[in-house]
Amino acid sequence: MAVNLATKYSSQIAEVFTAGSFVKGKTSQSFDLTGVKTLKVYTPVTVPEVDYTREGLSRYGTVTEMQDIVQELKMTQDKAFTLTIDKGNNLDQNMTKKAADMLRLQINEQSTPAADKYALRRFAMMAGTIDTVSEAPTKETVVELISTGAQALDDQLVPDGDRYAYVTSEVYKMICLSPEFTGLEGLGVKSVGKGVCGEIAGLNLVRVPKSYMPDGCYFLITHKNAVLMPYKISDAKVHNDPVGVSGALIEGRHYYDAFVLGAKSAGVYALVSADSKLSAPVISLSGTTATIGSVSGASEVRYTTDGSDPRYSDSAKVYAASFAVEAGALVRAVAFSDEKFTSSVAEKTA
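To keep things clear, this report deals only with the structure shown in the data block. (Residues numbered from 1 in each chain as written. Predicted model: local features only at pLDDT ≥ 70, side-chain atom pairs only at ≥ 80, totals over all residues. Heavy atoms only, no water.)

**Topic: the overall build of the protein**
From N to C terminus, the protein includes four helices and 20 strands. Counted over contacts in the protein with a minimum sequence separation of 6, partners at least 24 positions apart contribute 75%. (Helix = DSSP H or I, 4+ residues; strand = E, 2+ residues; numbered from the N terminus. Contact = heavy atoms within 4.5 Å.)

**Focus: the nonpolar core**
Formed by 33 residues in total, the largest nonpolar core has its most connected members in Phe123, Tyr166 and Leu220. Within the second largest apolar cluster, 23 residues are counted, among which are Leu145, Ile146, Ala150 and Ala165. (Core = buried A, V, L, I, M, F, W, Y, C linked by side-chain atoms within 4.5 Å. Buried < 20%, exposed > 50% of the residue type's maximum accessible area, 1.4 Å probe, protein only.)

**Regarding unusual backbone geometry**
Even without being a glycine, leucine 157 presents a positive backbone phi close to 65°. Here leucine 157 lies in the loop between helix H3 (142–155) and strand S5 (163–168). A residue is classified by how much of its surface remains accessible, and leucine 157, at 74% relative accessible area, is exposed. Look at aspartate 162: it is not a glycine, yet its phi comes out positive at around 55°. The residue aspartate 162 is located in the loop between H3 and S5 in this model.

**Topic: the packing of aromatic side chains**
Scanning the entire structure with this criterion turns up seven aromatic pairs. An angle of 70° between the planes, with centres 6.1 Å apart, marks the rings of tyrosine 319 and phenylalanine 323 as edge-to-face. Taking relative accessible area as the criterion, tyrosine 319 reaches 19% and is therefore assigned buried. An aromatic cluster is built from Tyr303, Tyr319 and Phe323, whose rings are joined through pairwise contacts. Over the ring of tyrosine 164 we find lysine 26, and its NZ or CZ is 6.0 Å from the ring centre. Cation over ring: arginine 207 sits above tyrosine 172, and NZ or CZ is 4.8 Å from the ring centre. (Phe/Tyr/Trp six-rings, centres within 6.5 Å; stacked < 30°, edge-to-face > 60°. Lys NZ or Arg CZ within 6 Å of the ring centre and 35° of its normal.)

**Examining the sheet that holds strand S14 (residues 283–286)**
An order of S14-S15-S18 is seen for the three strands of this open sheet, with the pairing classed as antiparallel. At either end of the open sheet lies a strand with only one pairing partner, and these are S14 and strand S18 (323–324). Pairing between S14 and strand S15 (residues 289–292): four bridges, direction antiparallel. Opposite isoleucine 283, over in S15, you have isoleucine 292 as the bridge partner. (Pairing = 2+ DSSP bridges.)

Keep in mind these numbers describe shape, not what the thing actually does.
So this is what it looks like as structure tokens:
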């Protein structure tokens, strides 16, 4: 990289093509992390119904105290940037680098794409359902695969509306060329909102660049209320002639993260290649001692003994060695990795 000086410069700057955020506005705003780095979300646990008994002291069943599951949301992404525009260089470049415009370029070309890519990866890694296929979707199969994802949300009683399917342009092209295309009312015509390019199986299609989608993930479905993308700091400013600089100093900071809410994780579905997802751990029980086998490619295995989902539960522990469990306890375990998608949850009752 260099600062290029010349006798004459065009008054126009050739900007890189950019797009606004594909994710902002499509996530829940129900939780506020203002003033805190960590937020704990409590989810009450209901109990199944039983037959009413018309005599005795337990006519409504056995009385139990309502339990709850805690999920910890911890902010981790604290990013920054800084640039200077030297007054002399700017004069020699025909004053083409206006500080405010350069700040906008930095945000559009670097900050926004980085946040979107991070969010989509987090949503896919922590999806309530991560289905796999051994072969990539084709124009003959893509509509059925996306419809299967929508069905998965239906079966878990995820509300209609505010459902988004993030697809690459390649997958979108397959949809347009699929035999079912003519039967999809409004596809490519209906514009629901910014970044939405159609509708299929009750899902608003959001076409994203291929580089935004996590490697190995073919498409991602989210319900707005199942995912979070909180921004605690989105700060950018221009300092004119600060100490030590003859010209403009540009600074920016973005403090954000992305989460899947455990209680609503059924509203997040990802379809990935079979070889990009970790195998589920194998839980072995000997009396009241539990052992979890190693998982190839996993960086760690987390488990719970209270029946909560170890992907989201604050009670999850990192497996290191065999551990004692109470008789009747439900042991659940899941494998994680930075390189592969999270495994399915394995479970066994002691």
